Amino acid sequence: GNIRKLPDPGDKPRGGGYGIYYHYDYVGGPRNYKWLNTNQISRVWEQMHLAFEHGADRLWIVNVGDIKPMEFPISFFLDYAWNPDAWPAERLDEYARLWAEQQFGRNASKAAAEMLTRYTQFNSRRKPELLSPGTYSLVNSREAESVVLEYNRLAEQARLLHDSLQPEARDAFYQLVLHPVAASANLNELHVTIGKNRLYAEQGRAGTNALAERAADLFQTDSLITFRYNHVMSGGKWNHMMDQTHIGYTYWQQPDANKMPEVRKIDLPENADPGMAVEGSTRWWPMEKGEAVLPEFDSLNRQSFYIELFNRGKNPFEYTVDAGEAWMQVAPRAGIIETETRLRVDVDWAKVPAGDRRVPITITTSAPAGAGARFSVLAPVRNDAHFKKPKKGSFVERNGFVSIEAEHASRTICGASAGWLRIPGLGRTLSGMTPFPVTAPARSPEEKSPRLEYNAFFRSKGKVRVRAFLSPTLDYSDKGGLRYGISFDGGPVQIVNMHANRTFQDWEESVRNNVTICLSEHALEAPGEHVLKYWMVDPGVVLQKLVVETGPGDPTYLGPPESLRWNMNPKKGR
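This is a predicted model, so every value here is computed, not measured.

### Observations concerning the overall build of the chain
Moving on, step 1. On a plain count of helices and strands, the chain comes out with eight helices and 24 strands.
Moving on, step 2. Over its C-alpha atoms the chain spans a radius of gyration of 26 Å, differing by no more than 12% from the 25 Å that the globule rule assigns to 574 residues.
Moving on, step 3. Along the first, second and third principal axes, the C-alpha set of the chain runs to 85 × 65 × 45 Å.
Moving on, step 4. A total of 574 residues make up the chain; the buried ones form 53% of that total.

### Overview of the side chain of Arg31
Moving on, step 1. Mapped onto the elements, Arg31 comes out in the loop between strand 1 (19-23) and helix 1 (41-53).
Moving on, step 2. Of the side chains with opposite charge, Glu129 comes closest to the buried, unpaired Arg31, at an N-O distance of 7.9 Å.
Moving on, step 3. Looking at Arg31, its side chain comes within polar contact range of the main-chain oxygen of Glu129, at 2.7 Å.

### Quick word on the nonpolar core
Moving on, step 1. Of all hydrophobic cores here, the largest spans 109 residues; its most connected members are Met48, Phe173, Tyr454 and Tyr534.
Moving on, step 2. The dominant element in this core, judged by the number of residues it contributes, is helix 6 (residues 167-203), at 14 residues.
Moving on, step 3. Those residues within four positions of Met48 in sequence are excluded, and the remaining contacts are Ile3, Ile20, Tyr22, Trp60, Phe77 and Tyr80.

### Description of the packing of aromatic side chains
Moving on, step 1. Following the criterion strictly, the structure yields 22 aromatic pairs and no others.
Moving on, step 2. Each ring, one from Phe76 and one from Tyr80, has its centre 5.7 Å from the other, and the planes form 10°; the classification is stacked. Here the residue Phe76 and the residue Tyr80 both occupy positions in helix 2 (residues 71-82), the gap between them amounting to four residues, near one helical turn. Comparing Phe76 with Tyr80 shows no difference in burial state: the two are buried.
Moving on, step 3. Ring centres of Tyr251 and Trp252 lie 6.2 Å apart, and the angle between their planes is 75°; on these two criteria the pair is classed as edge-to-face.
Moving on, step 4. Take Trp252: its relative accessible area is 34%, and that puts it in the partly exposed class.
Moving on, step 5. Taken together, Tyr22, Tyr24, Trp45, Trp60, Phe72, Phe76, Phe77, Tyr80, Trp87, Tyr95 and Trp99 form an aromatic cluster joined through their ring pairs.

### Quick look at the layout of surface pockets
Moving on, step 1. Approximately 1,000 Å³ is the volume attributed to the largest pocket.
Moving on, step 2. Together, 38 residues line the largest pocket, and Gly1, Asn2, Ile3, Arg4 and Leu474 are the ones closest to its centre.
Moving on, step 3. The set of elements that each furnish at least two residues to the lining of the largest pocket consists of strand 1, helix 1 and helix 8 (504-513).
Moving on, step 4. The leading source of residues in the lining of the largest pocket is strand 1, at five residues.
Moving on, step 5. Split by residue class, the lining of the largest pocket holds 16 nonpolar, 15 polar and seven charged.

### Quick word on the pattern of salt bridges
Moving on, step 1. All chains considered together, the criterion is met by 33 salt bridges.
Moving on, step 2. Of the charged contacts, one joins Arg459 and Asp384 as a salt bridge, the two residues approaching to 2.8 Å between their closest N and O atoms. Here the residue Arg459 occupies a position in the loop between strand 18 (451-458) and strand 19 (462-470), and Asp384 occupies one in the loop between strand 12 (374-383) and strand 13 (395-396), the gap between them amounting to 75 residues.
Moving on, step 3. In this structure Arg459 comes out as buried when scored by relative accessible area, which is 5%.
Moving on, step 4. Assessed through its relative accessible area of 1%, Asp384 is described here as buried.
Moving on, step 5. Several salt bridges share partner residues, and in doing so they unite Glu145, Arg205, Glu308, Glu340 and Arg342 into one network.

### A short note on the side chain of Thr473
Moving on, step 1. Considering the arrangement of structural elements, one finds Thr473 in the loop between strand 19 and strand 20 (483-488).
Moving on, step 2. If we ignore the near neighbours within four places in the chain, the residues touching Thr473 are Asn2, Arg43, Glu46, Gln47, Leu482, Met498, His499 and Gly540.

### Digging into the packing of helix 3 (residues 92-104) against helix 4 (residues 106-125)
Between two packed helices, what matters for the description is the angle formed by their axes and the separation of those axes.
Moving on, step 1. With their axes 7 Å apart at the nearest point, helix 3 and helix 4 run at an angle of 125° to one another. Relative to helix 4, the element helix 3 lies oblique. For the crossing formed where helix 3 meets helix 4, the hand is right-handed. Contacts between helix 3 and helix 4 involve Ala96, Arg97, Trp99, Ala100, Glu101 and Phe104 on the former and, on the latter, Arg106, Ala108, Ser109, Lys110, Ala112, Ala113, Leu116 and Thr117.

### Considerations on the pairing of strand 2 (residues 59-63)
Moving on, step 1. Pairing between strand 1 and strand 2: five bridges, direction parallel. Paired with Gly19 across the two strands is Leu59, which belongs to strand 2.
Moving on, step 2. Following the chain from strand 1 across helix 1 to the adjacent parallel strand 2, one finds a crossover that is right-handed.

### So, unusual backbone geometry
Moving on, step 1. Cis rather than trans, the peptide bond between Trp285 and Pro286 has omega equal to 20°.
Moving on, step 2. Looking at the secondary structure, you find Pro286 in the loop between strand 3 (274-278) and strand 4 (292-293).
Moving on, step 3. Each neighbour pair has its own omega, and for Ala331 with Pro332 the value is -5°, a cis peptide bond.
Moving on, step 4. On the secondary structure map, Pro332 appears in the loop between strand 8 (328-331) and strand 9 (334-337).
Moving on, step 5. At Asp478, a residue that is not glycine, the phi angle is positive and equals roughly 55°.
Moving on, step 6. Classification of Asp478 as exposed rests on a relative accessible area of 57%.
Moving on, step 7. One non-glycine residue, Asp489, adopts positive backbone phi at about 55°.
Moving on, step 8. Among the secondary structure elements, Asp489 is positioned in the loop between strand 20 and strand 21 (494-497).
Moving on, step 9. What makes Asp489 partly exposed here is its relative accessible area of 29%.

### Some remarks on helix 7 (residues 208-232)
Moving on, step 1. With 25 residues, helix 7 extends 35 Å between its outermost C-alpha atoms, agreeing within 8% with the 36 Å of an ideal straight helix rising 1.5 Å per residue.
Moving on, step 2. Elements in contact with the buried residues of helix 7: helix 6.
Moving on, step 3. Two residues or fewer past helix 7, Ser234 is found with a positive phi of approximately 55°.

Cut-off values and rules
Residues numbered from 1 in each chain as written. Predicted model: local features only at pLDDT ≥ 70, side-chain atom pairs only at ≥ 80, totals over all residues. Heavy atoms only, no water. Helix = DSSP H or I, 4+ residues; strand = E, 2+ residues; numbered from the N terminus. Rg over C-alpha atoms; globule rule 2.2 N^0.38 Å. Buried < 20%, exposed > 50% of the residue type's maximum accessible area, 1.4 Å probe, protein only. Lys, Arg positive; Asp, Glu negative; His and termini not counted. Salt bridge = Lys/Arg side-chain N within 4 Å of Asp/Glu carboxyl O. Polar contact = N/O pair within 3.5 Å; in protein donor to acceptor, adjacent residues only side chain to side chain. Core = buried A, V, L, I, M, F, W, Y, C linked by side-chain atoms within 4.5 Å. Contact = heavy atoms within 4.5 Å. Phe/Tyr/Trp six-rings, centres within 6.5 Å; stacked < 30°, edge-to-face > 60°. 1 Å grid on protein atoms, 1.4 Å probe; cavity = no way out; pocket = protein on both sides within 12 Å on 5 of 7 lines; lining within 4 Å. Points joined across faces, edges and corners; volume = space filled by probe spheres on them. Nonpolar A, V, L, I, M, F, W, Y, C, P; charged D, E, K, R; others polar. Axes fitted to C-alpha atoms, helices over the stretch in contact; angles between N-to-C directions. Parallel < 35°, antiparallel > 145°, perpendicular 65-115°, else oblique. Left-handed = near helix turned anticlockwise from the far one by under 90°. Pairing = 2+ DSSP bridges. Right-handed = clockwise from strand over helix to strand, strands pointing away. Expected span 1.5 Å × (residues − 1).

So, in structure tokens, the structure goes:
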């Protein structure tokens with residue numbers, strides 16, 4: 001899905017013109033992807049718009065693999081090729097709605113269009129064939145559980161809409177919307193469940209074997225979803241169209257048959273054996289020495305975190321919680337654990353003194369049979385009452401980072417020859433921002449250059465790292481790489497080449513992750529308000545997200561969720 005070469009707008013045109021051979025599925029390293037549609041029409045638009053504006057418009061060919069899963073992006077490719085001017089980026093959401101209306105009628109068109117757009121965005125995060133039990137973080141930012149939750153919600157919405165349609169429309173809806181949504185949701189949950197099973201096995205949790213059984217059920221559900229598509233839908237009209245294997249890859253080539261990934265089962269002792277883990281860590285106690293430490297709570301973000309208590313035996317145990325401060329809230333504070341429970345930890349900020357402190361939380365367990373245990377957890381709490389509050393609209397640092405979606409610029413500055421275009425839905429988390437027009441000349445950043453500015457409030461100072469999450473566009477200009485600029489406040493602009501020193505392995509990683517992440521380092525002389533500036537240098541660079549790291553951070557696949565944007569709501573104070 002990434003164009004490799006385009007003619008320079010200033011080149012003398014060839015007699016035969018130029019064309020593009022584009023791909024919707026793929027056979028090769030790092031991994032085949034041929035099962036379901038994973039193509040965002042926003043990405044197709046962005047790449048084919050590049051081609052059109054650079055004069056590669058004589059002949060467009062798209063290799064779709066199996067036609068059946070690709071009806072939606074095929075329709076878009078042909079409609080856009082027929083009249084590119086009729087479908088600017090601003091009309092992409094409208095295209096999805098009109099296409100859905102053509103298939104299912106006006107009443108279902110809006111909801112169906114949103115489902116088409118969302119499931120292709122979810123699938124573009126990581127191709128189904130590239131998913132693994134370790135793709136999404138099981139402990140940081142609640143990433144894995146959030147991915148499963150939002151996909152399962154989408155699947156449930158699709159089922160409800162399917163059942164509301166006239167019977168004669170349901171098979172069409174099933175093959176175009178419900179099947180890919182339900183199949184993908186199930187596959188994502190399968191891999192996350194296997195990841196949890198392996199983590200639980202390492203910690204000896206009593207819930208390990210139930211997760212192994214849940215994974216087996218999800219693997220079977222995958223086959224039942226395929227059976228319905230092949231043999232039940234439309235009386236078996238499309239038999240074998242969903243036979244493509246997609247589980248159990250060991251290298252780039254597909255397996256001969258879907259194979260259940262390895263799960264683990266453990267033997268449990270009869271007696272209770274309490275264990276504990278905290279959010280943000282794969283470590284567990286009492287295996288680890290010393291106190292566990294939760295991520296930091298701060299008065300600007302007002303986070304909540306969790307402590308997990310789990311059993312490593314068959315018999316239940318009781319627990320009680322004692323917090324070192326009355327304003328440190330833990331719920332539930334007492335109970336009986338058969339398998340596991342999650343304790344929510346919050347702060348009553350109206351009662352917290354100013355300053356920094358580390359509040360001890362003590363968990364005491366006891367069991368009629370088996371040894372009890374005593375766990376100590378430290379909760380770092382920071383009340384920034386002495387700080388001047390952030391400006392309205394500023395992104396607020398939390399737990400070592402500021403995370404910003406590209407389209408949420410505080411100010412958008414356009415230049416004489418170029419501005420900025422939002423491409424809706426492009427990317428893994430929200431949308432993409434790119435210089436426009438795409439044939440604008442490259443330029444060195446200066447006062448009147450196009451840039452995106454983001455107000456951000458930092459509670460720390462010193463060295464920071466800025467990670468730019470970019471669509472994995474190739475160096476189609478063949479001029480040494482595509483560049484952008486990063487600076488803070490009125491400081492010097494650091495130019496970053498997204499293709500500099502890129503190896504074949506780097507390209508494979510960009511394919512796996514469907515993103516290119518570039519790093520720059522800067523220094524903040526003082527805490528408080530700063531302006532992060534993202535500068536146009538070359539056209540063709542698509543920005544999805546910016547993450548400013550002030551500390552080690554918590555690794556996640558998608559990057560941290562977007563930071564709090566201060567809104568000065570008088571009722572909430574934030």
